[in-house]
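Notes for the structure review
One-letter residues, chain by chain:
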Amino acid sequence: MSIKFGTGGFRGVIGDDFIKENVCKIAQGLSNIAINKNMKKEVVIGYDYRFLSNEVAKWMSEVFISNGMKVNILNSASPSPTVMFLVENLGLDFGVMITASHNPYIFNGVKVFEKGGYDADVSFTNEIEKEINNLDSFNHIDYEIGLKNNLIKEIDGITPFINNILKFVKNINPSIKIGFDNLNGVAAISLKPLFNKVGIKNVTILNENRDPLFRGKMPNPIEANLNDLKKLVKENKLDIGIATDSDADRLGVIDELGNYVTSNEILASIYYFLVKYLNEKGDIVKNCATSNLIDDVANKLGYKCHEVDVGFKNITHTMSKYDCLIGGESSGGLTIRGYIHGKDSSFSIMMFLMALSVSKKSVSELVKEVKDFSGYHQFVTEDFISYKKENEDKIIDYLKHHEPKFVLPLVKKEVYNRNFKYYFCDNQWILIRLSGTEPVFRIFSEMNDALMAIEDIKRLDQYVRDIN
């Protein structure tokens, strides 16, 4: 069975393609690459609360040490950004995180981070795929032997990770009242001490416990999953509700009125705050599924918005290229200049709380201020459609050569790898995106008329079903 890496690493169904043989082959393949390229013979490994994550981290450790690699394994479940931080902080050539991010509980996966703490780019993941898919076997040394002989070191990653975030945080109002839905993930591990460090006491946490089944729900902080948080905020008159995905790199926000704040609004608000209130300078980067709101705010601030393909590595590399202030995406992740080269919900939350505290605005007031400043007036609609994995190549070929029948005349079409973006007049657009981690189409629409967007979504739904 071949192993494929998508935009978020390798992900598979537990017991199907996510099995011990495959994850150990990934470790063996990475070891071979490190040896052949004379990389630093040291790696850091983290894991989240998903089923088998801790065990997989140990299995991969056994393979690494058998190939002469020194292993630093986190001594507790941790957010994915912790590993990104440690790869850069320890000066390593790569690191590994065991997680399937926001995917359903039946999935687990392996994220690989490169030197500097970046998400592994396509050339590196292609190299990994080629190496591991030619392997017939892998080496290993028992984990306990590795510990005894100092080949494996169990380390505290959370403390330095938190201390790094605190370097960026100041002037947070300690009396702010927060509702936090942990969605049975690992974010509470970093957020609870962060809140404590800045003096925030009034925090009510939902779903803090580990549950590898995630109560049968998607551990993703989208609006459909946050009804309990909305209720908590409204009934207790809290200032803000926050939620994170299972490995703590995506963020969802509920305002003080119980309304969902989109990821586009979060990104725009933090960018606006950094420039208008903190006098920071620089462009912004977004992916092709992210709102025109970002462009409008950037233009009004006197800066440029750079648009890239989906995949946070594309955002961070573009940030480095143009020395941008901030980068983010519509799925709920962001980072800023000087911080780690990846998305991090713990960091995003502290930035948003700082924006509320310094501006002395409520969540709804800050979002309104940003929209009024930019003159933004469009509607964003999202949907998804499942497809048969075996039809993927046929579907991509069809999308390349056939256009759907939209309500408005098509002005132009752009193809970003697995993303097909259709532009209309007045900066209106629709994106069909084939997920890199699961067999679904994600459909994004930004139009001047909400009903028109809904109609186009219906047409696309039928269009995709006809292909499938």
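What you see as residue numbers is a count from 1 along each chain, following the sequence as written. For this predicted model, a pLDDT threshold of at least 70 governs which residues receive local features, and a threshold of 80 or more governs which side-chain atom pairs are given and counted, while totals over whole chains, interfaces and linings are taken from all residues. Each side-chain value is derived from all of the structure's non-hydrogen atoms; neither hydrogens nor water enter the calculation.

Some remarks on the sheet that holds strand E20 (residues 429–434)
Strand pairing is assigned whenever DSSP identifies at least 2 bridges connecting the two strands. The helix and strand labels rest on DSSP assignments: H or I over at least four residues marks a helix, E over at least two residues marks a strand, and numbering proceeds from the N terminus. In space, the five strands of this open sheet follow the order E17-E21-E20-E19-E18, with antiparallel pairing throughout. The sheet terminates laterally at strand E17 (379–386) and strand E18 (412–416), the two strands that pair on one side only. Adjacent strand axes in the sheet meet at a mean angle of 15° when their direction is disregarded. Axes, fitted as lines to C-alpha atoms, cover a helix only where it is in contact. Angles between the N-to-C directions of the axes lie from 0 to 180 degrees.

Section: the packing of helix H6 (residues 158–166) against helix H7 (residues 187–197)
In the contact formed by H6 and H7, the axes pass within 10 Å of each other and the chain directions differ by 50°. With respect to H7, the element H6 is oriented oblique. The crossing of H6 and H7 is right-handed. Contacts between H6 and H7 involve Ile-158, Phe-161, Ile-162, Ile-165 and Leu-166 on the former and, on the latter, Ile-189, Ser-190, Pro-193, Leu-194 and Lys-197. When residue character is reported, Ala, Val, Leu, Ile, Met, Phe, Trp, Tyr, Cys and Pro are called nonpolar, Asp, Glu, Lys and Arg charged, and the others, Gly included, polar. Looking at the contact of H6 with H7, its residues break down into eight nonpolar, one polar and one charged. Each angle is binned into one of four classes, with values under 35 degrees roughly parallel, values over 145 roughly antiparallel, values of 65 to 115 roughly perpendicular, and all other values oblique. By definition, turning the near helix anticlockwise from the far helix through less than a right angle yields a left-handed crossing, and turning it clockwise yields a right-handed one. We call two residues contacting when some pair of their heavy atoms lies within 4.5 Å.

Here's the deal with the pattern of salt bridges
The rule for a salt bridge is simple: a side-chain nitrogen of Lys or Arg has to be within 4 Å of a carboxyl oxygen of Asp or Glu. For the structure on display, the rule yields 20 salt bridges. Taking the shortest distance from any N to any O, the salt bridge between Asp-247 and Lys-111 comes out at 2.9 Å. In this pair, Asp-247 is assigned in the loop between strand E10 (240–244) and strand E11 (251–254) and Lys-111 in strand E5 (residues 107–114), connecting sequence segments 136 residues apart. Each of the two residues, Asp-247 as well as Lys-111, counts as buried. The salt bridge involving Asp-372 is made with Lys-368; its shortest N-O contact spans 2.7 Å. Within this pair, Asp-372 and its partner Lys-368 are both found in helix H13 (residues 363–374), separated by four residues, close to a single helical turn. Each member of the pair, Asp-372 together with Lys-368, is exposed. What you see here is one network of salt bridges that share partners, running through Lys-286, Asp-295, Glu-307 and Lys-421. Each residue is assigned to one of three classes by its accessible area relative to the maximum for its type, calculated with a 1.4 Å probe on protein chains only: buried under 20%, partly exposed between the two thresholds, exposed over 50%.

Points about the environment of Ile-33
As for its position among the elements, Ile-33 is in helix H1 (residues 20–36). Sequence spacing of Ile-33 and Glu-127 is 94 residues, and the spatial spacing of their C-alpha atoms is 8.2 Å. Ignoring anything within four residues of it in the chain, the contact list for Ile-33 reads Met-39, Phe-124, Glu-127, Ile-128 and Glu-131.

Some points on a nonpolar patch on the surface
Patch construction takes residues with relative accessible area above 30% that form no salt bridge. Like charges are linked within 9 Å, and nonpolar side chains (Val, Leu, Ile, Met, Phe, Trp, Tyr) are linked within 5 Å. Using the Shrake-Rupley algorithm and a 1.4 Å probe, accessible areas are obtained, with residue cover drawn only from the displayed protein chains. On the surface, Tyr-105, Ile-106 and Leu-213 cluster together into a nonpolar patch covering about 270 Å² of accessible area. Structurally, the position occupied by Leu-213 is in the loop between strand E9 (203–206) and helix H8 (227–235).

Some words on the side chain of Arg-50
When you line up the elements, Arg-50 lands in the loop between strand E2 (42–47) and helix H2 (53–66). Polar contact is defined as a pair of N or O atoms within 3.5 Å, subject to the rule that within protein one atom must be able to donate a hydrogen and the other to accept it, and that residues adjacent in sequence are counted only when both atoms are side-chain atoms. Within the structure, the side chain of Arg-50 is placed 2.8 Å from the backbone oxygen of Ser-101, a separation counted as a polar contact. Among the polar contacts listed, one links the side chain of Arg-50 to the backbone oxygen of Phe-107, at a separation of 2.9 Å.

Examining the side chain of Asn-67
Along the chain, Asn-67 turns up in the loop between H2 and strand E3 (70–74). The class for Asn-67 is buried, based on a relative accessible area of 14%. Within the local environment of Asn-67, its side chain forms a polar contact with the side chain of Gln-28, the two groups lying 2.9 Å apart. Leaving out residues up to four positions away in the same chain, Asn-67 has contacts with Gln-28, Ser-31, Asn-32, Ile-35 and Asn-139.

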